[in-house]
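Geometric and topological summary
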Amino acid sequence: MKKTVCAVIVTYNRKAYLIECLRGIKRQKQNIDAVYLIDNASTDGTPELLLKEGFINDLPQTLNEPTQIVTEMTNFNTGESINFYYVRMSQNTGGAGGFHEGVKRAHSAGYDWLWLMDDDAELYEDALKTIYPFCDESNVSALACSIIGLDGKPVLMHRGYFNLENPFKQIVTPVSESQYGQAKIKIDHASFVGILVNSKAIDKIGYPNAEFFIHYDDLEYCLRLREYGEVFFIPSSRVLHKEGASSANMEKRLLWLRSNRIQFEKYWLTYFGKRNLTWLSNKYCTSKINFWIGLIRHALRTLTGVILFDDNKIRRTRMIVSAYGDGLSGRFDNNRSRTILYGKLK
């Protein structure tokens, strides 16, 4: 019996990459049945470009709730139709919030497999055709394709194995390039760049955690997926990842020391990585001694960098301390970092 596949894409202010991502879906040699595109309230003219390119037939209205527009696309290779659901969010909910919304909607619509990907991912033409046969295997919660960089080489960090004994040191150990010749590899973790999730697993474990906003949401979800069944990496199915996020780093020097630092206006985003990693490590670390040693080292290293190199030292320090504290206590207030750094939000 044929299994239906629905792509779930989250986008925010990367309209050029998004169009290339959608064209990659339309070029699949085996048709993808549907696409849920979650637009996290982009401000770069994303809906206008989608209208111009013919992906939608009307612009969404500004509402307090997410707005959905339903159309169809046509596969360039097979001529088959692809159901297209464009969901315009009323605010930026981060990657985690976007995937939560997309997975919830696609799962509720009854699709058998959901293919999660960022807007800067572009599937190779045979990506689904190559990975699809593995959907028939038993006890599979998710399948993951290879991530290929713009240099044509595999990006190893996106697939790997959990290191829950020393998570602050390195919570995921990447798959080695020498393993790429295998037909399939059992792994623990795959990022939300080309992970194909079994809807039966979603029945049991639910949706990605929207509270994470960004950073480690894919890792947390894979921890739950592993409770349902196996996660397999299929190296011969490939997706090009363009790493479209713009860098907010700048190099600073102090005497002979150099350090890449994050600009103050973007610093609020670092809160989520520290908070979410602390929460995950506190919950899943297999050694409490290693957890506390790792946490203290991680915090001291971060604070030392702020003291030596950064401006707005007091506000940055307050935010960092809050991130670790919130991770320990399980407090998920996604406005907290901006409030600490920049004052009361409008």
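A short tour of the structure in this document, coming up. (Residues numbered from 1 in each chain as written. Predicted model: local features only at pLDDT ≥ 70, side-chain atom pairs only at ≥ 80, totals over all residues. Heavy atoms only, no water.)

1. A closer look at the overall build of the chain
Here is the rule: Helical segments are the DSSP runs of H or I of at least four residues, strand segments are the runs of E of at least two, and each set is numbered from the N terminus. In this description the radius of gyration comes from C-alpha coordinates, and the expected globular size is given by 2.2 Å times residues to the power 0.38. The buried label applies to any residue whose accessible area, calculated with a 1.4 Å probe on protein chains only, is under 20% of its type's maximum; exposed applies above 50%, and partly exposed to all values in between. The contact criterion used throughout is that any non-hydrogen atoms of two residues lie within 4.5 Å. All accessible-area figures derive from a Shrake-Rupley calculation using a 1.4 Å probe, and residue coverage is judged against the displayed protein chains alone.
Helices and strands together make up the secondary structure of the chain, namely 11 helices and 15 strands. Its C-alpha atoms give the chain a radius of gyration of 21 Å, within 12% of the compact-globule value 20 Å for 346 residues. Seen along its three principal axes, the alpha-carbon backbone of the chain occupies a region of about 60 × 45 × 40 Å. The buried share of the chain, taken over its 346 residues, is 54%. A sequence separation of at least 24 residues applies to 76% of the contacts in the chain between residues at least 6 apart. For the chain, the exposed area adds up to about 16000 Å²; of that, 50% sits on carbon and sulfur atoms.

2. Section: helix α10 (residues 313-329)
Residues spaced three or four apart along an α-helix point in a common direction, a consequence of the helix completing one turn every 3.6 residues. Heads up, the condition is: Here a helix's expected span is defined as the number of its residues, less one, multiplied by 1.5 Å.
Here α10 is 17 residues long and its end C-alpha atoms lie 24 Å apart, about the 24 Å a rise of 1.5 Å per residue gives. Among the residues of α10, those classed as buried are Arg-316, Met-319, Ile-320, Ser-322, Ala-323, Tyr-324, Asp-326 and Gly-327. Positioned one or two residues after α10, Gly-330 has a phi angle of 75°, which is positive.

3. Here's the deal with the sheet that holds strand β9 (residues 172-174)
We count it as follows: Strands are labelled as partners when DSSP assigns at least two bridges between them.
Taken together, the 3 strands give an open sheet; going across it, the order is β9-β8-β11, and neighbouring strands pair in antiparallel fashion. Looking at which strands have only one partner, the edges of the open sheet turn out to be β9 and β11 (189-190). With 3 bridges joining them, strand β8 (residues 159-162) and β9 adopt antiparallel strand pairing. When the bridges of β9 are listed, Tyr-161 appears paired with Thr-173.

4. Looking at the pattern of salt bridges
Using the following cut-off: In what follows, salt bridge is the name for a side-chain nitrogen of Lys or Arg lying within 4 Å of a carboxyl oxygen of Asp or Glu.
Per the counting criterion, the structure on display carries 21 salt bridges. A salt bridge links Asp-39 to Arg-88; its shortest N-O distance comes to 3.0 Å. In this pair, Asp-39 is assigned in strand β2 (residues 34-39) and Arg-88 in strand β4 (residues 81-88), connecting sequence segments 49 residues apart. Of the two residues, Asp-39 and Arg-88, both sit in the buried class. Connected via shared salt-bridge partners are Glu-20, Arg-27, Glu-122 and Lys-242.

5. Focus: the packing of helix α9 (residues 288-309) against α10
Formally: To get an axis, fit a line to the C-alpha atoms, keeping to the stretch in contact for a helix; angles then go from 0 to 180 degrees between the N-to-C directions. Each angle gets one of four labels, with under 35 degrees taken as roughly parallel, over 145 as roughly antiparallel, 65 to 115 as roughly perpendicular, and the rest as oblique. Crossing handedness is read from the near helix: turned anticlockwise from the far helix by less than a right angle, it gives a left-handed crossing, and turned clockwise, a right-handed one. We call Asp, Glu, Lys and Arg charged. Ala, Val, Leu, Ile, Met, Phe, Trp, Tyr, Cys and Pro are nonpolar, and the rest, Gly among them, are polar.
The geometry of α9 relative to α10 is characterised by a closest axis approach of 9 Å and an angle of 165° between their N-to-C directions. Comparing their axes, α10 and α9 come out roughly antiparallel. The chirality of how α9 crosses α10 is right-handed. Mapping the contact onto sequence places Phe-291, Trp-292, Leu-295, His-298, Ala-299, Thr-302, Leu-303, Val-306, Ile-307, Leu-308 and Phe-309 in α9 and Lys-313, Arg-316, Thr-317, Ile-320, Tyr-324 and Leu-328 in α10. For the contact of α9 with α10, a count of residues per class yields 12 nonpolar, 3 polar and 2 charged.

6. Thoughts on the side chain of Thr-278
As for its placement among the helices and strands, Thr-278 is situated in helix α8 (residues 270-284). Excluding residues within four positions of it along the chain, Thr-278 makes contact with Phe-168, Phe-291, Leu-295, Tyr-324, Gly-327 and Leu-328.

7. Overview of the nonpolar core
The cut-off we apply is this: Take the buried Ala, Val, Leu, Ile, Met, Phe, Trp, Tyr and Cys residues and link them wherever side-chain atoms come within 4.5 Å; each set so joined is a nonpolar core.
Core analysis: the largest hydrophobic core is formed by 64 residues, its most contacted members being Leu-114, Leu-116, Ile-195, Tyr-221 and Leu-225. Per element, the largest residue contribution to this core is 6 residues, and it comes from α8. Ignoring anything within four residues of it in the chain, the contact list for Leu-114 reads Cys-6, Val-8, Val-103, Ala-106, His-107, Ile-195, Leu-196, Val-197 and Ile-202. Membership of the second largest hydrophobic core comes to 40 residues, among which are Phe-84, Tyr-86, Trp-115 and Leu-196.

8. Remarks on a nonpolar patch on the surface
Applied cut-off: Two joining distances apply to patches: 9 Å for like charges and 5 Å for nonpolar side chains (Val, Leu, Ile, Met, Phe, Trp, Tyr), and every residue must have over 30% relative accessible area and no salt bridge.
Side chains of Trp-292, Ile-296, Leu-300 and Leu-328 sit close together on the surface and give an oily, nonpolar patch of about 390 Å² of accessible area. Counting residues per element, the nonpolar patch draws most heavily on α9, at 3 residues. By secondary structure assignment, the location of Ile-296 is in helix α9. Classification of Ile-296 as partly exposed rests on a relative accessible area of 49%.

9. Here we look at unusual backbone geometry
In this structure, Tyr-216 is a non-glycine residue whose phi angle is positive, near 70°. Positive phi values are uncommon outside glycine, yet Asn-312 reaches one of about 50°. By the secondary structure assignment, Asn-312 is in the loop between α9 and α10.

10. Considerations on the packing of aromatic side chains
Heads up, the rule is: Stacked, tilted and edge-to-face are the three classes assigned to paired rings of Phe, Tyr and Trp, where Trp is represented by its six-membered ring and a pair needs centres within 6.5 Å; plane angles under 30 degrees give stacked, over 60 edge-to-face, the rest tilted. When the NZ atom of lysine or the CZ atom of arginine is within 6 Å of a ring's centre and also within 35 degrees of its normal, the charge is said to sit over that ring.
Taken as a whole and assessed by the stated rule, the structure comprises 15 aromatic pairs. The interplanar angle of 90° and the centroid separation of 5.7 Å between the aromatic rings of Phe-212 and Trp-279 together place this pair among those described as edge-to-face. Of this pair, Phe-212 sits in the loop between α6 (199-205) and α7 (217-228) while Trp-279 sits in helix α8, and the two are 67 residues apart along the sequence. The pair formed by Phe-212 and Trp-279 is uniform in burial state, with each residue classed as buried. Summarising the aromatic geometry, the rings of Tyr-271 and Phe-272 are spaced 5.3 Å apart at their centres and angled 85° between planes, so their arrangement reads as edge-to-face. Put simply, the rings of Phe-213, Trp-268, Tyr-271 and Phe-272 touch in pairs and so form one group of aromatic residues. Between Lys-184 and the ring centre of Phe-232, over which it is positioned, the NZ or CZ distance is 4.3 Å. The ring of Phe-291 has Lys-288 sitting right over it, with the charged end atom 5.2 Å from the ring centre.

Keep in mind these values describe shape, not function.
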